Amino acid sequence: MEAVGYSTCRIWLLFLLFWLGQGRQMAPPGFVESSCHSRIFWMKLNKLLLQGKFFQLEINDPYAGPLLLDEKLASRCGYVLSEDVWGNPIFRASVLGCHVANEADELFSLTVNIKVSSFLSMRAAVTYTYPMYCSYSSWASREIMCEENYMEVSVKTDVPAVSNDYTVAWMSALPETQNVAYQLWQLMFVSPSGRKRITVSDAAKLGYSFNNTLSRVYLRAPYHSNESDISMVSGVNMNMVTSTSMYRQRWLLLLIDTTVSCPVDGISFTDTALTWTVPSVIPTLVVQESTFLSKNILMGVDDQVIVNPEEKNYLLEHNETLIRITIPIGAEGGKLKSSISGGIYGIIYSIDLFLEHTWTDADWQTTKYTVIKSITTPFMPQIPTVINSTLPEERLFNVAFGHFLPDVTLVTIAIGNVPFTLREAQHQGFKIYETPFSNRTKGFILEVSFDDPYVLKEYVNRNETKYTLLINYTLSVGPEMTLYYHSAEVECVIADIELPEAVGYCDEENMYLAIPTFGLHQYWNLYLGNKLLSRHVALTNGYLAVTNSTHLILQIPLFAAGVVYEEVSFQKIKARFDVALKKVRTMDTLQVFSVRCSFNSSEFIVCHPDGIIMVSAQMKTVPAIDMSKTKLRDSSCKPREHDERHAFFKFHVTTCGTSARFEADHIIYENEISYEKETLPEQSIPTITRDPDYRLTVLCYYRAKETLVLGAFASEPSTSPPFGSGTMVPRSNIAVHRRVRQALNVVSRVSKDESFMEFYEPNMAILKQPVEPVFLEVELKDKSPDTELYLENCWVTGSLESNSRPRWNITVDGYEINGSEYAAEFCPVAVSPRVRHPSHFKRLAVRTLAHRLEQVYVHCLVAACSPANTLPGSPCTGQRSSSRERNAFPGHSAASLQGYVFAGPVWIVDPDLR
């Protein structure tokens, strides 16, 4: 009878192989791998050949044909479809599975159809037929398999059915055996809710699978069924199904204990390892614990037994109650996977383990207990680190960003908030490359030059630059290619700035500062006191600023605003000019550039901010006078020092008969240096004297809004006090011919246009384009309506000094001169509310024909003519003045000249700089 059964199985296998070969394709090389471990079929599909495709598995039933594998069929029939830690589809099947061909409980075969399609609907699918074979003959008396989705127990049918221990749970089924159907297998389940006896077909409806082979009976049960129970054994929760299989035939009554119990937890994690714990002794499976003897414990990864776990840093340990497997996170055999949770980067470690425990006891002789467990750690945050390996000596940022698993790629990078693809970044000059680390992770290296325009630069401290690199990384993480963003800021401060050193020098009339232009306006600015030394301020104060490729050269006239007069004495001035170098952002003073010079000057007037006036007057009289006898309005105010031709006075604006008046926004302080002719006493004999009569008016102008500091003056090196401006108006001995003995009061001003209605303020910068006229107005302050103002000679120079060279005449003897460089034209003067006597005004339009100078001054010799002072040889007669007389002015007054005025500076600039 048994021989007939074996022959039938062989015929069926041959028929099956023939049928499978009809209309089926063989799987391509490398697509399928299979093995047989213990009593389990293992099949792995190559995920690379399934990219962009969908697949299904069918189980070939020799009677019913292909059956689609789903979850319900898998748990009932002993199949598992999952993925390994690398993402490859894994199929496992028990050799006692529903559709496995069994030959004498030793040879087993199973055929699977693999359907692959490019469409989710699986249309146009290609079917690959794959047969698997397994040989297994070393059956234990009882074998228990704890798979992911089912529990399976199989026992030999020749195991003694009755135990001497009357407390065995399945013994309670004995009273029920009287009701067992004849020649029909039935199952008795014992649970906390009571006993339940059902047929095999009814058990199948509940998800159970029961069958017998030539020498074995097996029961396959799902986890957490209604007939199961959860109990804790040595701290591990176990899912247990207590059952007895019953069969009755004539005089034979067969009772088989098919109880099965499998762990459902026992997994614990630390930051560095995972631990899997399984009880050594399970009471429901070992009734007589005193007879329990552990024979062998094996562990494996995937389908491979690990003979020496310590070689892979695994730890397998056991005692009387527990078996414990400890796996370091990241250990070989498992897989680390990158993941993103809540915008945070982290890792997940997965490994597929199995445990095989063999023991003996008095009831079952040998039990082989196998548990297959796929373990995945929870999400473990791994905050990436930014390693700053910047090389200051090479002026190069070197930034490493890691540590990442191999499944992370850099997608884009933003430098200074400007995004770049990796190709664009390389083209920009950034160097980006991967670097491996010792723990099988990697990082991304970014190299950027300090001088790259996307690097932020900030001047700090005195001579240092803080370079800041702002980085925004965008990475693709894991097989899901989830985008992860991380920003970093790297700084490096190096002393790479050399503070400028200014060079000062002087000529006869000016002080000069040559200051390097490097860093100017970028790191630091120049300040005059607390005022930024801009081009406008320089023009307003009368400075000349010229730049070349390396330096700013600042020319400061001796009597310009901002000059500090440290010492003023007879024919000598010791002056200083200070410019502060301040940081652009913080206004911290880094250093002060100073130039000090001593000037020899025969004529000057210095109006100190504290109200002290110092005058060095040169008396130009024929014949000479005794300079020691000159005085101010208060005859007690005599010269401090003098020689044959000079006298030096020093007095306060509140002394020596000084008067004050307001004019526009200025206070004008006025005094007079005079020399009275000596006469003999009245009782003496009258004599004739040749001593001339001399008057020199001294004027100091102060802004009305600036308060004079009465007392000693001490200036800080970094500040320049607001000095007043002074004017000396000479009166020669010709003044005796005038009815009123006083200085010729003449003022000049520059109009903004030809209307002569609006004028530039005294300290306002006058900017003109080439060829654009400068409108000059000269006014005689005289009450006599018969007096007429006469412009004798006018000329243009490049400096305030009237006799400087080069010089261009624009009027000679009262007539316009139109040269190649400059041209002049008199403008008519009409009566207006401001002009009562047109004869007291002269207006002149001066044009620049050739742009040779940046700044120009207009100088004029003037005379006031009236019937009372028309002298032979004077300009008022309309006759030409002598060459000697014209050349005597300025600075050397001739008898025929009545006054001198100037206007400027006027800056001639290009149209785009105005």
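Use the structure listed above.
As the structure is a computational prediction, the values presented were derived from the model and not from experiment.

Structural notes on the overall build of the protein chain
Within the protein chain, the secondary structure is distributed over 6 helices and 65 strands. Taking all 914 residues of the protein chain together, the buried fraction comes to 49%. Contacts spanning at least 24 positions in sequence make up 63% of the contacts within the protein chain whose residues lie at least 6 apart.

Quick notes on the sheet that holds strand β31 (residues 396-404)
Strand order in the open sheet formed by 4 strands is β30-β31-β35-β34, and the pairing between neighbours is antiparallel. The two strands at the open ends of the sheet, each matched to only one other strand, are β30 (385-388) and β34 (431-436). Neighbouring strand axes in the sheet, compared pairwise and without regard to direction, differ in orientation by 25° on average. Direction of pairing for β34 relative to strand β35 (residues 442-449): antiparallel, over a ladder of 6 bridges. In the sheet register, Tyr433 faces β35, and the bridge partner there is Ile445.

Some remarks on the state of the cysteines
Across all of its chains, the model carries 7 disulfides by this definition. Bridging Cys607 to Cys700, the disulfide has an S-S length of 1.8 Å. Looking down the S-S bond of the Cys607 and Cys700 bridge, the torsion is -80°, so its handedness is left-handed. Placement of Cys607 in strand β48 (residues 604-607) and of Cys700 in strand β54 (residues 694-703) is noted, with a sequence separation of 93 residues between them. Judged by its relative accessible area of 2%, Cys607 is buried. Among the residues examined, Cys700 registers a relative accessible area of 0% and is labelled buried.

Some remarks on the nonpolar core
Within the largest apolar cluster, 84 residues are counted, with the highest numbers of intra-cluster contacts made by Ile327 and Tyr369. It is strand β27 (residues 344-361) that contributes the most residues to this core, 7 residues altogether. Within the second largest apolar cluster, 39 residues are counted, among which are Tyr459, Ala538, Tyr565 and Ala575.

Thoughts on the side chain of Ser117
Checked against the element boundaries, Ser117 lands in strand β8 (residues 107-117). Within the local environment of Ser117, its side chain forms a polar contact with the backbone oxygen of Arg123, the two atoms lying 2.7 Å apart. With residues up to four places along the chain from it excluded, the contact list for Ser117 reads Lys53, Phe54, Met122, Arg123, Ala124 and Ala125.

Re unusual backbone geometry
In the segment running from Gly402 into His403, the intervening peptide bond is cis, with an omega of 0°. Residue placement: His403 occurs in strand β31. Gly904 connects to Pro905 through a cis peptide bond whose omega is 0°. Secondary-structure assignment places Pro905 in strand β65 (residues 899-908). Phi at His224 is positive, roughly 60°, even though this residue is not glycine. Relative to the helices and strands, His224 is located in the loop between β15 (216-221) and β16 (229-233). The class for His224 is exposed, based on a relative accessible area of 54%.

Criteria and cut-off values
- Every chain begins its residue count from 1, and numbering advances along the sequence as written.
- Confidence filtering applies because this is a predicted model: local features only for residues at pLDDT of at least 70, side-chain atom pairs given and counted only at 80 or more, and all residues used for totals across whole chains, interfaces and linings.
- Only heavy atoms go into the side-chain values, all of them from the structure, while hydrogens and water stay out.
- Here a strand is any run of E in DSSP of at least two residues, a helix any run of H or I of at least four, and the numbering for each starts at the N terminus.
- The classification of residues rests on relative accessible area computed with a 1.4 Å probe and restricted to protein chains. Under 20% of the type maximum is buried, over 50% is exposed, and intermediate values are partly exposed.
- Contacts are residue-level and defined by heavy atoms, with any inter-residue pair within 4.5 Å sufficient.
- Pairing between strands requires that DSSP locate at least two bridges from one strand to the other.
- Fitting a line to C-alpha atoms yields each axis, with helices limited to the stretch in contact; the angle taken between N-to-C directions then spans 0 to 180 degrees.
- Here, two cysteine sulfur atoms that lie within 2.5 Å of each other are counted as a disulfide.
- What makes a nonpolar core is a set of buried Ala, Val, Leu, Ile, Met, Phe, Trp, Tyr and Cys residues whose side-chain atoms join them at distances within 4.5 Å.
- By the criterion applied in these results, polar contacts are pairs of N or O atoms within 3.5 Å in which, for protein atoms, one can donate a hydrogen and the other can accept it, and in which residues neighboring in sequence qualify only through two side-chain atoms.

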